[in-house]
Every structure is written in structure tokens, then in C-alpha cells.
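# Breakdown of the fold
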Amino acid sequence: VPGGTMNPACMGGWYPTEQGVPSQKLNITGTGQNSWEWHDDDDIPYCYGATSMFMQGFQWNSQTCIVYLFPTWIIRTPTAFLLACLGTILLGIILEGIIVLRRIAIQTVSPGIPKLVASTVCYGAQLTLGYLLMLV
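Heads up: these notes are all about the structure in this document. (Residues numbered from 1 in each chain as written. Predicted model: local features only at pLDDT ≥ 70, side-chain atom pairs only at ≥ 80, totals over all residues. Heavy atoms only, no water.)

## Quick word on a nonpolar patch on the surface
Filter applied, for reference: Excluding any residue in a salt bridge, patches collect residues exceeding 30% relative accessible area, merging like charges within 9 Å and nonpolar Val, Leu, Ile, Met, Phe, Trp and Tyr side chains within 5 Å. The protein chains shown are the only cover counted for residues, whose accessible areas, like all others here, come from Shrake-Rupley with a 1.4 Å probe. Here, a salt bridge means any side-chain nitrogen of Lys or Arg that lies within 4 Å of a carboxyl oxygen of Asp or Glu. Under the scheme used here, helices are H or I runs from DSSP no shorter than 4 residues and strands are E runs no shorter than 2 residues, and both carry numbers assigned from the N terminus. Using a 1.4 Å probe on the protein chains alone, a residue whose accessible area is under 20% of its type maximum counts as buried, one over 50% counts as exposed, and one in between counts as partly exposed.
Residues Leu82, Leu83, Leu86, Ile89, Leu90, Ile93 and Ile94 make up a contiguous nonpolar surface patch of roughly 690 Å² in combined accessible area. Its place among the elements puts isoleucine 94 in helix H1 (residues 78-108). Its relative accessible area of 38% is what places isoleucine 94 among the partly exposed residues.

## Considerations on H1
Selection rule: To estimate the expected span of a helix, count its residues, drop one, and scale the result by 1.5 Å. Only heavy atoms matter for contacts: two residues are in contact if any of them lie within 4.5 Å across the pair.
Taking 1.5 Å of rise per residue, 31 residues should cover 45 Å, and H1 covers 45 Å from first to last C-alpha, within 8% of that figure. For H1, every residue scored as buried is listed here: Phe81, Ala84, Thr88, Leu95, Ile98, Ile99 and Ala105. Turning to H1, the residues buried within the fold contact strand S4 (64-67), strand S5 (74-75) and helix H2 (113-135).

## Structural notes on the pairing of S4
Heads up, the rule is: Two strands pair if DSSP finds at least two bridges between them.
Of the strand pairs in this sheet, strand S3 (residues 48-51) and S4 are connected by 2 bridges, and their pairing is parallel. Residue pairing for S4: threonine 51 is matched across the bridge by isoleucine 66. With 2 bridges joining them, S4 and S5 adopt antiparallel strand pairing. Residue pairing in the sheet places valine 67 in a bridge with isoleucine 74 of S5. Once S4 ends, the chain turns through 6 residues before running back antiparallel as S5, passing leucine 69 with a positive phi of about 70 degrees.

## As for H2
Given a rise of 1.5 Å per residue, 23 residues ought to cover 33 Å, and the 33 Å separating the end C-alpha atoms of H2 matches this to within 8%. Ala118, Ser119, Cys122, Gln126 and Leu129 are the residues of H2 that are buried. In the core, the buried residues of H2 are packed alongside H1.

## As for the packing of H1 against H2
As a reminder of what qualifies: Helix axes are fitted only over the stretch in contact, all axes being lines through C-alpha atoms; the angle between N-to-C directions runs from 0 to 180 degrees. Reported orientations rely on four angle classes, namely roughly parallel under 35 degrees, roughly antiparallel over 145, roughly perpendicular from 65 to 115, and oblique for the rest. Less than a right angle of anticlockwise turn of the near helix away from the far helix marks a crossing as left-handed, whereas a clockwise turn marks it as right-handed. For this classification, the nonpolar set comprises Ala, Val, Leu, Ile, Met, Phe, Trp, Tyr, Cys and Pro, the charged set comprises Asp, Glu, Lys and Arg, and every other residue, Gly included, is treated as polar.
The geometry of H1 relative to H2 is characterised by a closest axis approach of 9 Å and an angle of 160 degrees between their N-to-C directions. Judged on the interaxial angle alone, H2 and H1 are roughly antiparallel. The two elements H1 and H2 cross, and the hand of that crossing is left-handed. Contacts between H1 and H2 pair Thr88, Leu91, Gly92, Ile94, Leu95, Ile98, Ile99, Leu101, Arg102, Ala105 and Ile106 from the former with Lys115, Ala118, Ser119, Cys122, Tyr123, Ala125, Gln126, Leu129, Gly130 and Leu133 from the latter. For the contact of H1 with H2, a count of residues per class yields 14 nonpolar, 5 polar and 2 charged.

What follows is the structure, encoded as C-alpha cells:
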């Protein structure tokens, strides 16, 4: 055995069902690429499990659910995916607004402590939102 990784004493077997594990019944109707059909009374889930990063790059349609920013925010439906995309765009627009607000505040607020506080608050919000957007 090349590499010595295979155990010849290990005899595998096919078990069509396992208690507690979701499965789909397939009906093979031909030999073409799309020759199978779903035969199950339940709706086919959008995804299973959850991941925060795909190591193979951008995935438009995957069987693994996506964690969006926080572990409890899991995108499980196409609608949630759309809302997450729109929310990300909105966060980018808000970030640009904060950057403009910070520039205006630096020019218009009187020098001293008020200017320092205004700049610090705007910069903190800018940095926080920028970091959240980077995580997406």
C-alpha cells in the first residue's frame, strides 16, 4: 500500500440509514448528470452545520451554513443570506458616513477637549465598524 496509510483489515460497509442523521432517498433514473431526483416528504434544508470561513474561497451555494459576525448569527435561509448582504452594504455606507462626520467634526468643533472627544468617538466608531466589515 503506497504510503502505508491503509489498513487492509478494515472492511467498510454501506449503511443506508443511521439513527438521528438526516438523509435523502435518491431515485436513480438514468445515467446523465442530473439523472437523480429527491424523494423525501420533508423540505430540503438550505444548509447544514455552520462555518465562519470557507478555505476554498468564495462560495455562492454551499451545503454548510455561514456564521455572520457572531456565533449565534447563522445564515440558514436564502432570505437571511440576502439580508446579510444588504446589511453588509448598509454597514459600509454607515462607515463612510462616520468618516465624513469625523472630518467635519475635526474642522468645526472648537479646539481642546471637545475636539478631542468628538474625534475619539468618531474614530472609535469608524475603527469598530471597519473591523466588523473586515470580518465579513
